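Coordinate inspection notes
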2 protein chains.
Amino acid sequence: MESYEILKDLAIILLFAKCFGILARKFKAPQVVGQIIAGLLVGPCVFGWITQTEFITEMAEVGVIILMFSVGLESDLKELLKTGPIAFLIACAGVLVPLVFGSLLYMGFYGVAPWGSENFFKAVFMGTIMTATSVSITVASLQELGKIKSKVGTTIVSAAIIDDVIGIIVLTFVIGFKSPDSNPGMVIVKTIAFFAVAIVGGFLFYKIFLTLDKRYPHTRRIPIIGVAFCFALSYIAERYFGIADITGAYVAGVVLCSISDNEYIKRKVDVSSYMFFGPIFFASIGLKTTFNSMNAKLFTFCICFVIVALLSKIIGCGVISKICKYSLPDSLKIGVGMMTRGEVALIVAQKGLAAGLLTADYFTAVILLILVSSILTPIILKLLYTSDEKKGIVHT
Amino acid sequence: MESYEILKDLAIILLFAKCFGILARKFKAPQVVGQIIAGLLVGPCVFGWITQTEFITEMAEVGVIILMFSVGLESDLKELLKTGPIAFLIACAGVLVPLVFGSLLYMGFYGVAPWGSENFFKAVFMGTIMTATSVSITVASLQELGKIKSKVGTTIVSAAIIDDVIGIIVLTFVIGFKSPDSNPGMVIVKTIAFFAVAIVGGFLFYKIFLTLDKRYPHTRRIPIIGVAFCFALSYIAERYFGIADITGAYVAGVVLCSISDNEYIKRKVDVSSYMFFGPIFFASIGLKTTFNSMNAKLFTFCICFVIVALLSKIIGCGVISKICKYSLPDSLKIGVGMMTRGEVALIVAQKGLAAGLLTADYFTAVILLILVSSILTPIILKLLYTSDEKKGIVHT
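The notes below deal with the structure included here. Within each chain, residue numbers correspond to sequence positions counted from 1 in written order. To label them, take the chains in the order written and letter them from A, then take the ligands in the order written and number them from 1. Totals for whole chains, interfaces and linings use every residue, but because this is a predicted model, local features are given only for residues with pLDDT of at least 70 and side-chain atom pairs only at 80 or more, for both listing and counting. Based on all heavy atoms of the structure, the side-chain values leave hydrogens and waters out of the count.

To continue, consider the overall build of chain A. The way it works is that DSSP assigns letters per residue, a run of H or I at least four long becomes a helix, a run of E at least two long becomes a strand, and they are numbered from the N terminus. The secondary structure content of chain A amounts to 15 helices and 0 strands. Computed over C-alpha atoms, the radius of gyration of chain A comes to 21 Å, within 12% of the 21 Å expected from 2.2 N^0.38 for 396 residues, which places it in the range of a compact globule. Overall size of chain A, expressed as C-alpha extent along the three principal axes, is 65 × 50 × 45 Å. The cut-offs for exposure are 20% and 50% of the maximum accessible area for each residue type, with area from a 1.4 Å probe on protein chains only; residues under the lower value are buried, those over the upper are exposed, and the others partly exposed. Counting every position in chain A, which comprises 396 residues, the buried fraction comes to 61%. The protein chains shown are the only cover counted for residues, whose accessible areas, like all others here, come from Shrake-Rupley with a 1.4 Å probe. As presented, chain A carries roughly 15,600 Å² of accessible surface, and 68% of it is formed by carbon and sulfur atoms. With C-alpha atoms as the basis for the radius of gyration, the globule rule is written as 2.2 Å multiplied by the number of residues raised to the power 0.38.

Spelled out as structure tokens, the structure:
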């Protein structure tokens, strides 16, 4: 491919993502929905003008990292520590319920399998794919709605982060039973080690940035070195600790959220995010989608898979939230906010393919789940908040 | 390669580019020199932490497009039309003198070749590589010095754009003599067609943006659709008219330079440029460099090649500028500003390789030329402007 071909892709993505984003807002839906639909339209599914190239995948990867960094920057450490224990409970329920329901769904379609059999692991794996929330769409919607710093927003983000970690542990356990290479104990040790390193190293970098910020306030070096730190921590998380890179990016944002230039860094990062990386990331979800190799049984399975995946998260997270003394509307918001799935689900599916726990046919189900949840979550969240406003409920 | 590897590359490039940029400024050199040196250090030449991946190449490509778009946005249409004819003369001299001197250099090393012989074409091709100015480094330095809108700045940018076009015509002629596929007449027709399309289409888009700008001033859609327009025009230029994409980007900027939100677009674009794409572009020049397959004769040739390439541009452009009534210091600045070579020289060399007019050994000479000119031009330009300021000369 000639290198200038990327310019065509970028031009089409930016133009369509923006236009459909505006259109989505006209229909009272969040912009990200328009951007995903734009990707669907220009991608192989409809017009086929653009295919998912390596460049777009990598730009999207940078986009989601920057998004999570920005969320971390906006977080409030005190609020985070306060919501932490509850978020942990919500995350546990958000992993457990989909895991069980997903396994049962598979057995419902392909027969009940005895404990430890090949099909049993396949069923459990189907549940595992459903576990990991991808918070980026929810985060973007909450940002648009101005609710990311609310108690519900903070709870969702922290729960999704913890959920990711638990999801990865579950994945490693399930694969660990199939292959002797994976070591579930090691995963737990690595996870603990990562957070230990992140807290110690984070404190050190916080001090460095505090000094930098005092000596050179509002200079370009602050956001640039901040972004470099975010990329470095994301890389280290994934490479050395097996933690998702977006978790590293979020932690990097949290480390810098209390320096006085955090708003300045965020502003600079956000410009690049909405000008380039953001639209590319959301459009790329639509780009990934194709509907080949579809048959009646698979189609029915896909539909059920999506419904079970969405409902199990809403039920799991919502019920625990209610138990933890959130109001019913807020519990529902948390449940809905946690139901988005994204690239992590795809990554899990990919790992299952490599381990022989899944065939490529089921990818359609995963992509459909990502697509439906990405489009529904922002719309439902917006509806929930609007109905609150009509009732005159004030969010803190 | 795992997708998160790009995060490591980005973290290292951003950190080093920024630190060396600051260091360069401490030594009174422009930041871009520091960024190129950072690329040289982290690249295969010294530490070898990063190799030039496809992603970095493409990010750098986007970076140079955005840079040229930003220059176009800053331009002053009246000034541009005023300097146009003189810029054309300067560009002609800037192509002709290096072409002749480059050919003579090759013949000096490898024997005089009779008109029309194999070696004759090889010699002419060596001259052709020297013709195309890559204005991006000069532009970045002039922006840093705050001189991009001066008469000298405008002249250099327009001359470099025209120079590019003439350079491409020369390349097509030279290759045309060797291969029957190329059609020099067609190149001229396409070039004229591009500028005709750009003027008509540009006027149309100018009107569209004028309306957009009036209805939605200072909204995100303006810069995003502006950037999409820039990418589209760059792509169309390269794909359908064989004109360098950076020329298309510059023209897109010129089209939007008179709308009232041009400053707003530029500000948004510049943030992404200095946060991500810019450092990656400049560092990637350093990354490309390796010094393998070197011997004494080739080494001497490389040194002479660089000296001849630099001096012939300074002499060609400088003398014509002086004839066109620029002062001696300004003529020198134009000559120096025109001496930078960049990716276009590499592209020309690549085409020569494909046409059998060049062996890969000579790539070192081209890269050395890019490196030396990229590092020297900003330093010399800064020295020239500083010495002017000491003498109390005011630039308009």
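Having put the structure on the table, let's press on.
Let us now look at the side chain of threonine 131 of chain B. Among the secondary structure elements, threonine 131 of chain B is positioned in the loop between helix H5 (118-129) and helix H6 (136-145). Look past the residues within four positions of threonine 131 of chain B in its chain and what remains in contact with it is Gly94, Val95, Leu99, Asp163, Gly167 and Lys313 of chain B. Any pair of residues with heavy atoms lying within 4.5 Å of one another is described as a contacting pair.

With that settled, consider the relation of the copies chain B and chain A. After a rotation of 180 degrees and a shift along the axis of 0.0 Å, chain B superposes on chain A with an RMSD of 0.0 Å. Expressed as a symmetry operation, the mapping of one chain copy onto the other fits a two-fold axis. Using C-alpha coordinates, one finds that chain B approaches the rotation axis most closely at serine 272 of chain B, a distance of 2.5 Å. Least-squares superposition of the copies uses the C-alpha atoms of those residues scoring a pLDDT of at least 70 in each of them.

Turning our eyes to something else, we now look at a nonpolar patch on the surface. Residue and element names in this part refer to chain A. Judged by side-chain polarity, Leu96, Val100, Phe101, Leu104, Met294, Phe299, Ile303, Ile307, Leu311, Ile315, Val319 and Ile323 come together as a nonpolar surface patch covering roughly 1,100 Å² of accessible area. Summarising the element assignment, isoleucine 307 is placed in helix H12 (residues 296-323). The class for isoleucine 307 is partly exposed, based on a relative accessible area of 44%. Only residues above 30% relative accessible area that lack a salt bridge enter a patch, with like-charged residues linked at up to 9 Å and the nonpolar side chains Val, Leu, Ile, Met, Phe, Trp and Tyr linked at up to 5 Å. Salt bridge, as used here: a side-chain nitrogen of Lys or Arg that lies within 4 Å of a carboxyl oxygen of Asp or Glu.

The tendency in soluble globular proteins is for nonpolar side chains to be buried side by side. Note on terminology: a nonpolar core comprises buried Ala, Val, Leu, Ile, Met, Phe, Trp, Tyr and Cys residues joined through side-chain atoms within 4.5 Å. Judged by nonpolar contacts, the single largest core of 279 residues is most densely connected at Ile129 and Phe231 of chain A together with Ile129 and Phe231 of chain B. Among residues more than four places away in sequence, those in contact with phenylalanine 231 of chain A are Val62, Ile65 and Ile66 of chain A together with Leu7, Leu10, Ala11, Leu14 and Phe276 of chain B.

Turning our eyes to something else, we now look at the interface of chain B and chain A. Bring the parts together and some accessible area is lost; that lost area is often taken as the interface size. Contacts between chain B and chain A engage 43 residues on the former and 43 residues on the latter. Counting across the chain B and chain A interface gives 0 salt bridges. Within 3.5 Å is the distance limit for a polar contact, defined as a pair of N or O atoms, with the added protein rule that one can donate a hydrogen and the other accept it, and that residues adjacent in sequence qualify only through two side-chain atoms. For the interface between chain B and chain A, the tally reads 2 residue pairs in polar contact (both at pLDDT 80 or more). Taken together, the elements giving at least two residues each to the side of chain B that touches chain A come down to helix H1 (5-26), helix H3 (54-74), helix H9 (221-241) and helix H11 (262-287) of chain B. No other element matches H9 of chain B, which puts 12 residues into the side of chain B that touches chain A. In terms of residue class, the side of chain B that touches chain A is built from 28 nonpolar, 3 polar and 12 charged. Here the term charged refers only to Asp, Glu, Lys and Arg, the term nonpolar to Ala, Val, Leu, Ile, Met, Phe, Trp, Tyr, Cys and Pro, and the term polar to all other amino acids, Gly among them.

Our focus in this paragraph is the state of the cysteines. Count a disulfide wherever a pair of cysteine sulfur atoms falls within 2.5 Å. If you walk through the whole model with that rule in mind, you get 0 disulfides over all chains. Cysteine cysteine 19 of chain A remains unbridged, with the sulfur of cysteine 230 of chain B as its closest cysteine sulfur at 17 Å. Cysteine 324 of chain A forms no disulfide, and the closest cysteine sulfur to it belongs to cysteine 92 of chain A, at a distance of 11 Å.

Turning to a positive patch on the surface, a few remarks are in order. A surface patch of like charges, here positive, comprises Arg25 and Lys26 of chain A together with Arg215 and Arg220 of chain B. By the secondary structure assignment, arginine 215 of chain B is in helix H8 (residues 184-215). Taking relative accessible area as the criterion, arginine 215 of chain B reaches 61% and is therefore assigned exposed. Charge counting follows a simple rule: Lys and Arg are positive, Asp and Glu are negative, and His as well as the terminal groups are ignored. Where a charge lies is defined by one atom per residue type: Lys uses NZ, Arg uses CZ, Asp uses CG and Glu uses CD.

Let us now look at the packing of helix H1 (residues 5-26) of chain A against helix H11 (residues 262-287) of chain A. Relative orientation and spacing of two packed helices are given, respectively, by the angle between their axes and the distance between those axes. Residue and element names in this part refer to chain A. Comment: axis = line fitted to C-alpha atoms, over the contacting stretch for helices; angle = value between 0 and 180 degrees taken between N-to-C directions. The interhelical angle for the contact between H1 and H11, taken along N-to-C directions, is 90 degrees, at an axis separation of 9 Å. In this view, H1 runs roughly perpendicular relative to H11, as classed from their interaxial angle. Residue-level contacts link Leu10, Ile13, Leu14 and Ala17 of H1 to Met275, Phe276, Pro279, Ile280, Ala283 and Leu287 of H11. Orientation is classified from the angle alone, with under 35 degrees giving roughly parallel, over 145 giving roughly antiparallel, 65 to 115 giving roughly perpendicular, and any other angle giving oblique.

Glancing now at the packing of aromatic side chains. Residues and elements named next belong to chain B. In this analysis, rings of Phe, Tyr and Trp, with Trp reduced to its six-membered ring, are considered paired at centre separations within 6.5 Å, and the interplanar angle assigns stacked below 30 degrees, edge-to-face beyond 60, and tilted for intermediate values. If you walk through the whole model with that rule in mind, you get 47 aromatic pairs over all chains. A ring pair is formed by tyrosine 110 and tyrosine 362, whose centres lie 6.3 Å apart and whose planes are at 85 degrees; its orientation type is edge-to-face. Of this pair, tyrosine 110 sits in helix H4 (residues 77-110) while tyrosine 362 is found in the loop between helix H14 (343-354) and helix H15 (363-391), placing the two residues 252 residues apart along the sequence. Accessibility expressed as a relative area gives 27% for tyrosine 110, which makes it partly exposed.

This part takes up helix H10 (residues 245-256) of chain B. Every α-helical turn comprises 3.6 residues, leaving residues that sit three or four positions apart pointing alike. Compared with an ideal rise of 1.5 Å per residue, which puts 12 residues at 16 Å, H10 of chain B spans 17 Å between its outermost C-alpha atoms and is within 8% of the ideal. With 12 of 12 residues buried, H10 of chain B is to be regarded as a mostly interior element. The span one expects for a helix is its residue count, reduced by one, times 1.5 Å.

Here we come to the side chain of arginine 341 of chain A. All names here are of chain A. If you trace the backbone, arginine 341 turns up in the loop between helix H13 (328-337) and helix H14 (343-355). This buried residue, arginine 341, is left without a salt bridge; aspartate 163 holds the nearest opposite charge, at 7.1 Å. Polar contacts involving the side chain of arginine 341 include one to the main-chain carbonyl oxygen of methionine 130, which spans 2.6 Å. In terms of polar contacts, arginine 341 uses its side chain to reach the backbone carbonyl oxygen of alanine 309, at 3.0 Å. Once you skip the residues sitting within four places of it in the chain, arginine 341 turns out to touch Pro98, Met130, Ala132, Thr133, Ser134, Ala309, Leu310, Lys313, Leu369, Ile370, Ser373 and Ser374.

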